Amino acid sequence: GFDSLGLALALHDLVSARVVADSGVRVEVEGLGERTLPRDGRHLVARAMAEALAAMGQPMPGLTISCRNAIPQGRGLGSSAGAIVAGILLARGLVADGDSRMSLDDVLDLATKMEGHPDNVAAALHGGFTTAWVESDAQAPHARCVSRPVHEDIVAVAFVPPSTMSTANARRMLPDTVSRADAVFNLSRAAVLVHALTTDPSLLMAATEDRLHQEARAAGYPESHALVEDLRSRGVAAAISGAGPSVLALTRRDDIALAESRAPEGWTATVLAFDGEGARVHTTDEPA
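To start, this report covers the structure provided alongside it. (Residues numbered from 1 in each chain as written. Predicted model: local features only at pLDDT ≥ 70, side-chain atom pairs only at ≥ 80, totals over all residues. Heavy atoms only, no water.)

### Digging into the sheet that holds strand S6 (residues 142-148)
Here comes step 1: Spatial strand order, S1-S5-S6: three strands in an open sheet with antiparallel pairing. Edge positions in the open sheet fall to strand S1 (5-7) and S6, since each of these has one partner strand only. With strand direction ignored, the average angle separating the axes of adjacent strands in the sheet is 25 degrees.
Here comes step 2: Across the sheet, helix H5 (residues 119-126) is in contact with S1, strand S5 (129-135) and S6; its angle to S5 comes to roughly 125 degrees. (Pairing = 2+ DSSP bridges. Helix = DSSP H or I, 4+ residues; strand = E, 2+ residues; numbered from the N terminus. Axes fitted to C-alpha atoms, helices over the stretch in contact; angles between N-to-C directions. Contact = heavy atoms within 4.5 Å.)

Okay, structure coming up:
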């Protein structure tokens, strides 16, 4: 499901924005990235807010943005998608008639343009297991998605390494063309994955096979690749999460302990539920 399928995991950044009298943007960061992320308008949440406000015909006010981050950055767990969706929805919430100026379809469109592909932003926005695509209208490409609930017997285990990898670098490792056989292979697995995640978890091993990107990137994250192979040899459906280097295992509850025990030294293994709601917005007139 490369660039098309997404899963919303119950791992959340908590982001708030407050209009202030001073001009400019100040960003407060707590948790992951607090020593490395920018504290001004260069922050991705602030950039997404600016894009959304411009799309709604609104000026950028003075803002204090607070980010309490739990999603690791540069690990293939969708941190950029989460930040983009958060920023757009914050901007939408600050405008009195934001819901009518910018529909959820518009939110998905703008988020896709900023992210470059719709899979992760669709999951962050709508929750659940999403299938997303961009309609092939060259004049006005339009992102769309559908969301389904994940089968109740499936649990996710995220294995997060101490190292990072940028999505841009990971994409540079991919070949420009693939064989017809590999394309057909992945088409079939993507179709089976929809059924496995929603109806029949017994098919997850076959459904998580891949020939498009994991082998091509293996040299870039050898420890991640070895972990995927190790888990799969033990009957645990595992794959590289996003662009990597994190690994995602989709397993039954009875196999959680087995999966967790395979985490390499220095890695963290976290059992995560699936978030069926997606991003949630709360507005208040009370001072923060």
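### Focus: the packing of aromatic side chains
Here comes step 1: Tallying each qualifying case throughout the model produces zero aromatic pairs.
Here comes step 2: Positioned above the aromatic ring of Phe185 is the side chain of Arg189, whose terminal nitrogen or guanidinium carbon lies 3.7 Å from the ring centre.
Here comes step 3: Above the plane of the ring of Phe185 lies Arg211, whose end atom (NZ or CZ) is 3.9 Å from the centre. (Phe/Tyr/Trp six-rings, centres within 6.5 Å; stacked < 30°, edge-to-face > 60°. Lys NZ or Arg CZ within 6 Å of the ring centre and 35° of its normal.)

### What to know about the environment of Ala48
Here comes step 1: Here Ala48 lies in helix H1 (residues 44-55).
Here comes step 2: Under the relative-accessibility criterion, Ala48 is labelled buried at 0%.
Here comes step 3: Measuring from C-alpha to C-alpha, the distance between Ala48 and Ala91 comes to 8.2 Å, with 43 residues separating the pair along the chain. (Buried < 20%, exposed > 50% of the residue type's maximum accessible area, 1.4 Å probe, protein only.)

### As for the pairing of strand S7 (residues 154-160)
Here comes step 1: Within S7, seven of the seven residues are buried, which leaves it mostly tucked inside the rest of the structure.
Here comes step 2: Both faces of S7 are covered, namely the face carrying Ile154, Ala156, Ala158 and Val160 and the face carrying Val155, Val157 and Phe159.
Here comes step 3: Strand direction decides the pairing type here: S7 and strand S9 (residues 247-252), joined by six bridges, are antiparallel. Across the sheet, the residue bridging to Ile154 is Arg252, located in S9.
Here comes step 4: Where S7 meets strand S10 (residues 268-272), five bridges bridge the pair, whose relative direction is antiparallel. By the bridge assignment, Ala156 is partnered in S10 with Leu272.

### Notes on the sheet that holds strand S4 (residues 63-69)
Here comes step 1: A sheet is described by the order of its strands in space; here three strands give the open sequence S2-S4-S3, paired in mixed fashion. In this open sheet, the two edge strands, each paired with only one partner strand, are strand S2 (14-19) and strand S3 (25-31). Each adjacent strand pair in this sheet contributes to an overall mean axis angle of 10 degrees, direction not counted.
Here comes step 2: One ladder, built from seven bridges, connects S3 with S4; its direction is parallel. When the bridges of S4 are listed, Val29 appears paired with Cys67.
Here comes step 3: Contacts from H1 reach S2, S3 and S4 within the one sheet, and its direction differs from that of S4 by about 130 degrees.

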